[in-house]
Amino acid sequence: MAAAAAAARGDGQEKVIAAAKHIVSSLGNSKSATEDMIRILSGFDNRLSIINDLFPPSAVADDDGDAQVDGVDDSEAELRLEAAQKVVLRWDASDSLLWESSPEDAEEYLAAVNDLIYLAGCGTSPAVSIADDLVTRAEVALQISMSRLEEEFRHLMVRNAVPLDSNDLCSSIRCLSLSSASDGGEPIDDFESSVDDENHHHQLQQQQQPASEQLEGSPKDRSGSSLVDDRCLDLIHPEVVADLKVIADHMILAKYDRELHQVYCTVRRDILDECLSILGIDRISIEEVQRIEWRMLDDKMKKWIQALKIIVRILLWGERRLCDHILAASEELKEECFMETVKGSVMQLLNFGDAITICQRSAEKLFRMLDMHDALADVLPDLQALFAGDPKDLICEAVEGILKRLGDSVKRTLMEFGNAIQREPSRRPTQGGEIHPMARYVMNYVKLLADYMDTLNFLLENEVIGGDQGNAESYDNSRISDGENLESMTPLGHHILVIISYLEFNLDEKSKIYEDGAMRYIFLMNNINYIVNKVKDSDLGKLLGDHWIRKHRSQIRQYARSYLRTSWIKVLSCMKDDGFGSGSSSSVSKVTPKDKFKNFNLAFEEIYRVQTTWKVPDPQLREELRILVSEAVIPAYRSFMGRFGSQVGGRQATKHIKYTPDDLESNLSDLFEGLPGFAPRKKT
C-alpha cells in the first residue's frame, strides 16, 4: 500500500511538472518571461522548484543568427501593459471581491499582476529595457493591484478565521494531554498536514477540503522532533489557505512584503487578543494584581495556568504553522510576522506571571505558584522551539527569569510557613481534647506539598536548613530529634520533617493549657495520632520513612500509659486492701467495706461523667484506650468484689455495690464519645 501511494505521488508530481512546462513553453521565446513564470510557479508549489533543470540555457537568435538578449519591445510591452491595466482598473472600480467571484476572475487578475510585476521590473533589469513611461505606468498599476490584493488578503483572513470559544480551546488541550500521556510522557507530536502524508490527505478529501492540499510541511523544532499533533485546531479554514498563499506570493514577488507584513500581523494579532479574552486573560498591571483580593486572584491564577497551555500548545503552534504555510516564499518575513503577531499576547501572559512573583507572599498562594511554575516549565521547550528564530531570545529569557523568581517565592513562602507554625500563638484549648485545627491545617497542607514532590525537590536542592531563628527565611533545626536520619532524606522530606517538628512542639505547648493532666495526654494522643495517620496514608510516608512512623507510634503508647496513671490512679487506689492507702492502722480500721465501695463508686462516676464528654475521633485509638483501661480496672474490680463483696450484706447491699464487672465493662465503652456527661448505667 505504501509503495502504491508513493507511485501515485510520483505520477501526480510528473503531471504537475508537465503542465507547468506546457505553460512556460507557451510564453514564446522570451527568456525573461520564462524565468519569471518559473519563479512564480515555484512559489505556488515547491515541487516546481526543479523546473529550471528542465529548460536548457538558450538565447533568442536574430535574423543573422547572432544571439541577442531575450526581452520585449516597446510595442509588445504596451499591449501587455494595457491589457493588465484594463483588468486592474476594472476591479479597482468594483465593490465586489475577487475571491468571492469566479475562479476565472481571480486567475485573470493574477495573470495581469504577473505582467505588471514583469514590466515594472524592466526598469531595474540591465538585461531588458523598455520605455521609462511604460515602466512608470506599470508601477502605478502594480501599486493599485497590490492595494486590491492587500484588501482581498485582509478580507479572506478575517472572514475565514475559525471562530473559537473556550470549550473548543479546552477540548483541544485535553486532546493534546491525552495524546502526550498515551505516548508515555514524550513531547506532544507535530501537526501533520504535509501533502506527502497520504493518511491526512485522504482525511482532508473526506472533509471536502481539497485546497488544504497546498499546505506544505509542519512546524518542527530545530532538532526535527514534532511538538504538536494533528488534533490542533485550524485557525483559518483550510480551503482558503492556498488562496492566501497565492496572494502572499505575489505581494512578496512584487516587493510589497512590508504591506503584507502589516495586514497579516494586524489581523492575526487582533484574533489572538480575542482568544486571550475568551480564556479570561485581561490586560492588568502589576499594581492591580497586587491589590486584588485573594479569592479573585486565585481564580485569575487558575485561568492563567489553563490559558498558558492553550496559548502555547494550541494557538502559538497554530500561528507558527499558518506563517510557515502562507509566507513560505520569504523566510525573513515568515519569522518577522510570527514574532510580531504573537509576542504581545505572550508578554501579556508573562507579565501576569511576573506580577505574582512580587506579590505579598502567603501560605495560601503557595500551591497556585507551584502550579504556575510547573505549567511554565512544561511549555518552556515549546517556547524554545517556537522562538528559535528570535536572535535576541527575549521570550525565553523572560520565561526563565519568571521561573527563577517563582521558585524563589515558593522557597521563601515555605520557610515562612514553617516559622509561622512554630510561633502560632493561640491559647484556646480544644473541647474534649479534640484534634487542634492547626494540626488539621498543617497536615493537609504538607500532604499537598507531597503532590509537588519533583518540583519542590528541584527547587529546594542545596537549600540550607537551620541558621538564625529570627530570620524568616531559615529554619530552626533544634526541634528535630537526634534520631532522624537526615542524610537519607530528600530536600522536601527534610523540610516537611522540620515543619512537622514545629507543629509537634507547638502542640506540646498548647497541651499545657489543660488543667486536667489526663486531658492533656488525650489531646496529645489525638493530635500525634492524627499526624501519624496523615503521614502513613499518603506520600508523606515515603518522605519521612518507616522509622519516623514507628517512633511516633511509640510516643502515642507512652502518652496512653501516662493518661492511665494520671486518670485512673484514684479509682485503683480505692480497691486496695488499705482503702486509700494513706493513714495509720487506726485509720485503716475505720475504712469499712461499705466505705470502700462508696469511695470507688464516687471516683468511677466522676471519671465517667467527665471523660464521656472527651473526644477521641479515631476509632482504633479509642478502642485501644478502652482496652487499656479495661485491662487495668476490670480485673482489679473483680478481685475487689471477691474480697469485700461478701462483707456488704443485708438489704442495703445493692446501695453500696452499684456495679457488676459487666456494668463497668459496658460503661467503659462510653468513654471518649463526646457525650453530654450522663451518669453511668447501673445493673438492673
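Nothing here was measured: the structure is a model prediction, and the numbers come from that model.

With respect to a negative patch on the surface
Taken together, the side chains of Asp 73, Asp 74, Asp 132 and Asp 133 make up a negatively charged region of the molecular surface. By the element assignment, Asp 132 lies in helix α5 (residues 132–159).

Remarks on the pattern of salt bridges
Applying the stated criterion across every chain yields a total of 40 salt bridges. Close ionic contact of Arg 440 with Glu 434 constitutes a salt bridge, the shortest N to O distance being 3.8 Å. For Arg 440, a relative accessible area of 34% gives the class partly exposed.

Side note on unusual backbone geometry
Despite not being glycine, Lys 255 shows a phi value in the positive range, around 65°. Note that Lys 255 resides in the loop between α8 (241–253) and α9 (257–278). One non-glycine residue, Phe 672, lies in the positive phi region at around 65°.

Re the environment of Thr 413
Residue placement: Thr 413 occurs in helix α14 (residues 394–423). The class for Thr 413 is buried, based on a relative accessible area of 2%. Put simply, Thr 413 and Gln 360 are 53 residues apart on the chain and 9.7 Å apart in space, counted from C-alpha to C-alpha.

With respect to the confidence of the model for the chain
Atomic detail in the predicted coordinates should be set aside for any region of low pLDDT. This prediction gives the chain a mean pLDDT of 79; 71% of its residues lie at or above 70. Confidence scores differ between elements of the chain, with strand β2 (residues 67–68) showing the lowest mean pLDDT of 28 and helix α18 (residues 517–536) the highest of 97. Note on residues 21–33: pLDDT under 50 across the span, and 24 contacts to partners over four residues away in sequence or across chains. Taken as a whole, residues 579–589 scores under 50 in pLDDT and shows eight contacts with residues more than four places along the chain or in a different chain.

Quick look at the packing of aromatic side chains
Each aromatic ring pair is specified by the distance between its two centres and by the angle formed by the two planes. Tallied over the entire structure, the rule returns 20 aromatic pairs. Their ring planes at 40° and their centres at 5.8 Å tell us that Tyr 441 and Tyr 445 sit as a pair that is tilted. Highlighted residues: Tyr 441 and Tyr 445, both in helix α15 (residues 437–450), separated by four residues, approximately one helical turn. With centroids separated by 4.5 Å and ring planes inclined at 45°, the aromatic side chains of Phe 597 and Phe 640 adopt a geometry described as tilted. Within this pair, whereas Phe 597 is found in helix α22 (residues 593–611), its partner Phe 640 is found in helix α23 (residues 619–644), the two being separated by 43 residues in sequence. Members of the aromatic cluster, connected to one another through ring pairs, are Trp 568, Phe 597, Phe 600, Phe 604, Tyr 608, Tyr 637, Phe 640, Phe 644 and Tyr 659.

Definitions and cut-offs
Residues numbered from 1 in each chain as written. Predicted model: local features only at pLDDT ≥ 70, side-chain atom pairs only at ≥ 80, totals over all residues. Heavy atoms only, no water. Patch = residues over 30% accessible without salt bridge, like charges linked within 9 Å, V, L, I, M, F, W, Y side chains within 5 Å. Areas by Shrake-Rupley, 256 points an atom, 1.4 Å probe, with all protein chains shown as cover. Salt bridge = Lys/Arg side-chain N within 4 Å of Asp/Glu carboxyl O. Lys, Arg positive; Asp, Glu negative; His and termini not counted. Charge placed at Lys NZ, Arg CZ, Asp CG, Glu CD. Helix = DSSP H or I, 4+ residues; strand = E, 2+ residues; numbered from the N terminus. Buried < 20%, exposed > 50% of the residue type's maximum accessible area, 1.4 Å probe, protein only. pLDDT = per-residue confidence, 0-100. Contact = heavy atoms within 4.5 Å. Phe/Tyr/Trp six-rings, centres within 6.5 Å; stacked < 30°, edge-to-face > 60°.

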